[in-house]
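Chain residues, written in single-letter form:
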Amino acid sequence: MNFRQKSSRYGAAVQFSAGIAGIMLIAASLRAGLEPDFEIALAAALVVSVILHARAGFALSRAQQELEMLHGLVRKISAKKISAASLPEVKFEKAHNVSAQDAYILDSVKDAIENDRIDLYLQPIVSLPQRKHRYFEAFSRLRADDGAVLRPLQYIDAAERANRIGVIDNMILLRAVQALRNLGPESRNYRIFCNISPATIFDQDFFGRFTDYLDANADMAPHLVFEFTYPAVEMLHERVAVNLDSIARRGYAFSVDHIRRLDHDWKALRDKNFRFVKASSALLLKENRGEPQARERVQAFKEKLRQYDIDLIVEKVELESHMPEILSLGIDYGQGELFGAPRPAAYYMRPRLELAIAAALLRLIVTDLQFIDGLQSLAEQYDALLCDAWGVIHNGVELFPGAGEAMLKFREQGRAIVILTNAPRPSSIIPAQLDRLGLPREAYDAVVTSGDATRAEIERRLPAPAYRIGPEKDDPLFEGLNIEFAPLEDAKFIICTGLRDDHRETPEDYREVLSRAAGRGLPMVCANPDIVVNWGGRMIWCAGALAEVYAGFGGDVVYGGKPHAPIYRLARAAIANALGAVPDKSRILAIGDGLNTDIFGANKEGVDALFVAGDGGVHDGAADAETISRRLDEVGAHAMGYAKVLQWFFSPDDPPFLLTSLVQRDALLREYGVEEILSLSFDKQLAARSPESFVREVLCQELGLAGVVTGTDFRFGAKRAGDGVALETFGAAAGLVVKLVDVLATIGAAEKFGSSVVREALVAGDVRRAGEILGRPWTVRSQVVEGQKLGRTLGFPTANVMLGDYIEPKHGVYAVKVTMNGVTHDGVANFGRRPTVGADAPLLEAHLLDFKGDLYGADLEVAFVEFIRDEQKFDGLDALKAQIGKDITAARDILRQN
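Residues numbered from 1 in each chain as written. Predicted model: local features only at pLDDT ≥ 70, side-chain atom pairs only at ≥ 80, totals over all residues. Heavy atoms only, no water.

Chemist: Break down the side chain of Arg468 for me, citing the residues and quoting the values.
Modeler: By the element assignment, Arg468 lies in strand E15 (residues 466–469). Engagement of the side chain of Arg468 in a polar contact is seen with the backbone oxygen of Pro471, the distance being 2.8 Å. With residues up to four places along the chain from it excluded, the contact list for Arg468 reads Asp474, Asp475, Phe478, Phe485, Ile495 and Arg500. (Helix = DSSP H or I, 4+ residues; strand = E, 2+ residues; numbered from the N terminus. Polar contact = N/O pair within 3.5 Å; in protein donor to acceptor, adjacent residues only side chain to side chain. Contact = heavy atoms within 4.5 Å.)

Written out as structure tokens, the structure reads:
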């Protein structure tokens, strides 16, 4: 069959499959009693067609045409609105006897409302601890005819002087409710909290028309929650209470936010159908950390809410470090910047079809996410790399092993590397920083920074004065710009390069000043779009975190760095300077650990992206395809592959090395009389601590120890820099009693054995020697897994055990003792790859002598007594069976003497 015949048959198959997909969707609609939507059916058919084209590996030009059609259909489907009863009319009459300035402001507000220039923003309320979106709070923002945001702080004073606050509140409320209605069917999966003013409820004339509107849109009741501020609830006017009851009878629930005390009459609120209460994380944590009576108030508060079926939402959650304590309080819902900033409603409420199509195209059409085992495997595909620095090349403290070598080898082949970093400083100072970390300058051609792109944005705004937020270390960004820094009240724009003290401060420390700046309508130039970076194992906040808070207040933010265009224009120029010309985009690869910056920026630029997900990045250790694919889908980004680290060729992880599991270790310690055992997780953060920090912050502050007893050879802290003398010195300064014990002198021993000696014996197969050093046979503990059942076929059923993180002993046959449910059985075991039957993964197979029963799923302890023989390949199963019989005889003889 020639290519033309194959293409013809392939095309017919694609059309047939696509048609069936569309017909099935229409039929499903009819069976469900719904009006069939032929546009959606066509979109489904196109999805099938595009996926089949891409999977076949050819006809991609046809697939591109279908993608363009599909994009148009999605836009058309997304634009559909749900019909709603017309809004009640609210007249915004012109104010008299007001200043010209007030009249101008009020006219701008009136024009924005009447011309539907009201943007709806949503912020998620998530379930805890899962952090899944459960509800949303709605915010409305007005826009002037020139597109500028009209913030409440700009018009509230003028509205109060003209007695127009109530009218403005009413009109914004109605437009917001209409906008909520028009979000589409996706919004019907959630409850949305909409702020409402007591003045709105108090206005009897407006209230009547408002309830008529609610009656005409009764289907919204299960999905809309009206939210009041706590002061409004504390001073509830009788007329407001009556009107609240009227709304509640229509099926609408209420919420109260920013509560100031925990001892309110919650039953009275529940009787008025208040179903939600919001308390700030600051209030709850302050009470929980107070005197015992304060903690008791928190528990009594929660119990009252539970008793009256009121859900508690902890709001203003900004810091990950607060989450363990918040979760310990047993709170079910959370809201705050940590879980998502207020964003345009379309960001959270894209129609399901659009999301499904996007996910399908990203996963199936672009490429399957593949694991990249080294840069060597990609070298022939790309002429240039745009390589992130922090999280890919280094962690701020040291280079990652293999990164420098990989970059050198890539450039040795005549290719270019441009380090593309969101550092808020000029690129001229970065090489010196990389020198100190040990990266050779031969490893890269150029550095392009967010600082370079930011300088251009700043220059456009000069000579206007600027308010600066950031540390002194970013001073080089401003060299030669002749910029005037001014107090916030006198500034015309903001420059944010980061937190002034990123080791102590958090975004919460800047909320007040950012709120005031947003109220003045100042634009912000953000020099570093990153939210956090991993600094030596510790996450620290960046300028992007402050920019998100500012955007949440309605502030306008301009970015120079990734994922925005300015930095990529500079990067292309750097590539051209290195290679003489900019290669085709298909020959450029971006490498980074930031989904919203590196990967999303590469997508916007139209170049391939490699996601680095291993130790040291902001996704520390999350290197599995399923997790990464899910995270990519969540942000609407795609990557051609992922890697754990940047390296030239695949270097497997250190082999498993455990001699004893934590469970076994605990049991052994308790046998020696230890009453309490606390195990610290030895992660990057702990490994990076200095000796002084480990003593002061871990031993004394976190664990609260009064004294420590350890051996004279104890080493601790980053790079094992601390010893017994350091422990005594730092301990004395912190009030910690330290006793060092010379073990050999105490017990009169002549020789000390370390774990490395035991490991060497096991790898050599000398399990008897390992047992003599340990004082007991070396033992592994694991669960029996299902195997091929080959042993049962041969007449010697075995229990199959995976060693997991245990060190692998020499491959071969061993005499063993197997303990299950407290009963010990003699046995013979083989550890290895079973070459006779062609298995790949090493497996421990234990045959229990004279035992009958089912072992699947059982927990076993296998003690290695003596090595019998090396693993070998036999000519067939009969020869293998005969040898197993001999091994059993040998094991019986060995175990009879042990």
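On we go from here.
Chemist: Go over the packing of aromatic side chains with me, naming the residues and quoting the values.
Modeler: Summed over the entire model, instances satisfying the criterion amount to 17 aromatic pairs. Each ring, one from Phe228 and one from Phe254, has its centre 5.9 Å from the other, and the planes form 70°; the classification is edge-to-face. Of this pair, Phe228 sits in strand E5 (residues 224–229) while Phe254 is found in strand E6 (residues 253–257), placing the two residues 26 residues apart along the sequence. Between Phe228 and Phe274 the ring centres are 6.1 Å apart and the planes differ by 50°, which places this aromatic pair in the tilted class. Separated by 46 residues along the polypeptide, Phe228 in strand E5 and Phe274 in strand E7 (residues 274–280) bring together distant segments of the chain. One exposure class covers both Phe228 and Phe274, and it is buried. Members of the aromatic cluster, joined through ring pairs, are Trp778, Tyr806, Tyr814, Phe864 and Phe867. (Phe/Tyr/Trp six-rings, centres within 6.5 Å; stacked < 30°, edge-to-face > 60°. Buried < 20%, exposed > 50% of the residue type's maximum accessible area, 1.4 Å probe, protein only.)

Chemist: Before we move on, could you go through the packing of helix H8 (residues 204–216) against helix H10 (residues 238–249) and cite the residues and values that matter?
Modeler: As a packed pair, H8 and H10 sit with axes 11 Å apart at the nearest point and diverge in direction by 10°. Here H8 is positioned roughly parallel relative to H10, judged by the angle of their axes. Facing Gln204, Phe207, Phe210, Thr211 and Leu214 of H8, the residues of H10 in contact are Arg239, Asn243, Ser246 and Ile247. Broken down by class, the residue content of the contact of H8 with H10 amounts to 4 nonpolar, 4 polar and 1 charged. (Axes fitted to C-alpha atoms, helices over the stretch in contact; angles between N-to-C directions. Parallel < 35°, antiparallel > 145°, perpendicular 65-115°, else oblique. Nonpolar A, V, L, I, M, F, W, Y, C, P; charged D, E, K, R; others polar.)

Chemist: Which residues make up the sheet that holds strand E16 (residues 493–496), and what values do they have?
Modeler: On the basis of which strands lie adjacent, the open sheet formed by 4 strands has the order E15-E16-E17-E20 and parallel pairing. A strand with exactly one partner marks an edge of an open sheet, and here the two such strands are E15 and strand E20 (557–559). Going across the sheet, the axis of each strand differs from the next one's by a mean of 25°, ignoring polarity. Sheet topology places E15 next to E16; 4 bridges connect them, and they run parallel. Of the residues in E16, the one forming a bridge with Ile469 is Cys496. Across the face of the sheet, helix H21 (residues 543–552) comes into contact with E15, E16, strand E17 (524–526) and E20 while running at roughly 150° to E17. (Pairing = 2+ DSSP bridges.)

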